[in-house]
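So you can see what is in the structure, the chains are spelled out below.
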Amino acid sequence: MEVKEEIQALKEKLVKYNHEYYVLDQPSVPDSEYDRLIQRLIKLEEEHPELKTADSPTVRVGGKVLDAFIKVDHQTPMLSLGNAFNEADLRAFDARVKEALGKTAVPYVCELKIDGLAVSLTYEDGQFTLGATRGDGSTGENITENLKTIRTIPLKVDATGRLEVRGEAFMPKASFEKLNEARLENDEEPFANPRNAAAGSLRQLDSKVAAKRNLDIFLYAVGEAPVEKEAHSAYLTYLETLGFKTNKEREVCQSMDDVIDYIHRWTTKRANLSYEIDGIVVKVDDIAAQQQLGFTAKSPRWAIAYKFPAEEVVT
Ligand SMILES: NC(=O)c1cnc(N)c2cc(Br)sc12
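Residues numbered from 1 in each chain as written. Predicted model: local features only at pLDDT ≥ 70, side-chain atom pairs only at ≥ 80, totals over all residues. Heavy atoms only, no water.

1. Points about the pattern of salt bridges
Then step 1. Per the stated rule, a full pass over the model turns up 24 salt bridges.
Then step 2. Across the pair Asp55 and Lys11 runs a salt bridge whose closest N-O atoms are separated by 3.7 Å. Within this pair, whereas Asp55 is found in the loop between α2 (31-47) and β1 (71-73), its partner Lys11 is found in helix α1 (residues 3-23), the two being separated by 44 residues in sequence. Summarising the burial analysis for this pair, Asp55 and Lys11 share the class buried.
Then step 3. Across the pair Glu87 and Arg91 runs a salt bridge, and its minimum N-O distance is 3.1 Å. In this pair, Glu87 and Arg91 are both assigned in helix α3 (residues 87-101), four residues apart and thus about one turn of the helix distant.
Then step 4. Exposure remark for Glu87: the relative accessible area of 39% places this residue in the partly exposed category.
Then step 5. With relative accessibility at 35%, the residue Arg91 sits in the partly exposed group. (Salt bridge = Lys/Arg side-chain N within 4 Å of Asp/Glu carboxyl O. Helix = DSSP H or I, 4+ residues; strand = E, 2+ residues; numbered from the N terminus. Buried < 20%, exposed > 50% of the residue type's maximum accessible area, 1.4 Å probe, protein only.)

Here you go:
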């Protein structure tokens, strides 16, 4: 087999195995087989650098060391959410939404609020070309090479034109514990929490460091897409069909009573999650209703973040 054909065959296999292992949680080959193939591809790309492509699975192990991060202006601002701290806040939000829409019932999508780092991913004709932090909402930092090391971020998707998606990069609790054990053994300062560990890992100028931090991501919004959907929940399903990892705990609730029930359930269940969450995001599901409600200066009128009470720190 010619080198070019072998490289193509290796890339196809590794992309398939990567998706099975990291996104579907259903590996069809053992890690040893994945490692054997990725080492073979690294060797061939070193011997034939002209055959290495930006979407090669070998970028997952990192390589580029930057001098600094370049600033990136977001095409559409990455807004923050208004907060709700109790049931009264949630019911006031529901009343405002119903009043503005002139409706007596409004379906909401409830999603776990991941305690990580908000990022934006841009794809041009299906190729992952730009990854950026939220920054101040208008301008973030280009962390593309670090985000390429997150195995659940597809390097290529089946979407023409420009696609920009948003999500939360995070460090699973188990990875956080292991990382801090290693840092303590090396007399390094441990990270205070998984959120800081994820942010610190994605702000590394050497992507080989980020590649070892076992980061993950949940995508939860579309900034720009080559398709239009009528409901936010339909956009999330669209992201899944493209191969993005979304959070499967989301539920469409037909009333604020059901939203409050969802929040009560997850207030207790959150301790068993393999990642940290700091609240529940509640969004009006209908896109036309979202457009009718619009935005305040800094956040959407069609969404709110219920924040869990700060946990008692037992000293
Ligand atoms: N599912 C979601 O919409 C979601 C999850 N986790 C988060 N940290 C955030 C932040 C914003 Br802003 S939205 C959102």
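2. So, the pairing of strand β10 (residues 277-284)
Then step 1. In terms of burial, β10 is largely enclosed, as eight of its eight residues are buried.
Then step 2. The pairing of strand β3 (residues 108-114) with β10 spans seven bridges and is classified as antiparallel. Looking across to β10, one finds that Tyr108 is bridged to Val284. (Pairing = 2+ DSSP bridges.)

3. Section: empty space enclosed by the protein
Then step 1. According to the stated counting rule, one finds one cavity of 30 Å³ or more in the structure shown.
Then step 2. Space inside the largest cavity adds up to approximately 40 Å³.
Then step 3. If you go around the largest cavity, the residues you meet are Lys64, Leu66, Phe69, Ile143, Glu145, Asn146, Gln204, Leu205 and Ser207. (1 Å grid on protein atoms, 1.4 Å probe; cavity = no way out; pocket = protein on both sides within 12 Å on 5 of 7 lines; lining within 4 Å. Points joined across faces, edges and corners; volume = space filled by probe spheres on them.)

4. Points about the sheet that holds strand β11 (residues 303-307)
Then step 1. One open sheet accounts for five strands, arranged β2-β11-β10-β3-β9; its pairing is mixed. Since the sheet does not close on itself, it has two edges, and those belong to β2 (83-84) and β9 (251-253), each with one partner.
Then step 2. Pairing geometry for β2 and β11, over two bridges, is parallel. Bridging from a neighbouring strand, Ala84 pairs with Tyr306 of β11.
Then step 3. Strands in contact with helix α8 (residues 232-241) are β3, β9 and β10; relative to β3, the strand with the most contacts, it is inclined by about 55°.
Then step 4. On top of the sheet, helix α9 (residues 256-269) reaches β3, β9, β10 and β11; it is set at about 25° to β3, its chief contact. (Contact = heavy atoms within 4.5 Å. Axes fitted to C-alpha atoms, helices over the stretch in contact; angles between N-to-C directions.)

5. Topic: the packing of α1 against α2
Then step 1. In the contact formed by α1 and α2, the axes pass within 10 Å of each other and the chain directions differ by 145°. Crossing of α1 over α2 shows left-handed handedness. Here α1 contributes Val3, Glu6, Ile7, Leu10, Lys11, Lys13, Leu14, Tyr17, Asn18 and Tyr21 to the contact with α2, which in turn contributes Asp31, Tyr34, Leu37, Ile38, Arg40, Leu41 and Leu44.
Then step 2. Counted by class, the contact of α1 with α2 contains eleven nonpolar, one polar and five charged residues. (Left-handed = near helix turned anticlockwise from the far one by under 90°. Nonpolar A, V, L, I, M, F, W, Y, C, P; charged D, E, K, R; others polar.)

6. Concerning the side chain of Arg270
Then step 1. Examined against the element boundaries, Arg270 turns out to sit in the loop between α9 and β10.
Then step 2. Apart from residues no more than four positions distant in its own chain, Arg270 is found in contact with Lys173, Ile277, Asp278, Phe308 and Glu311.

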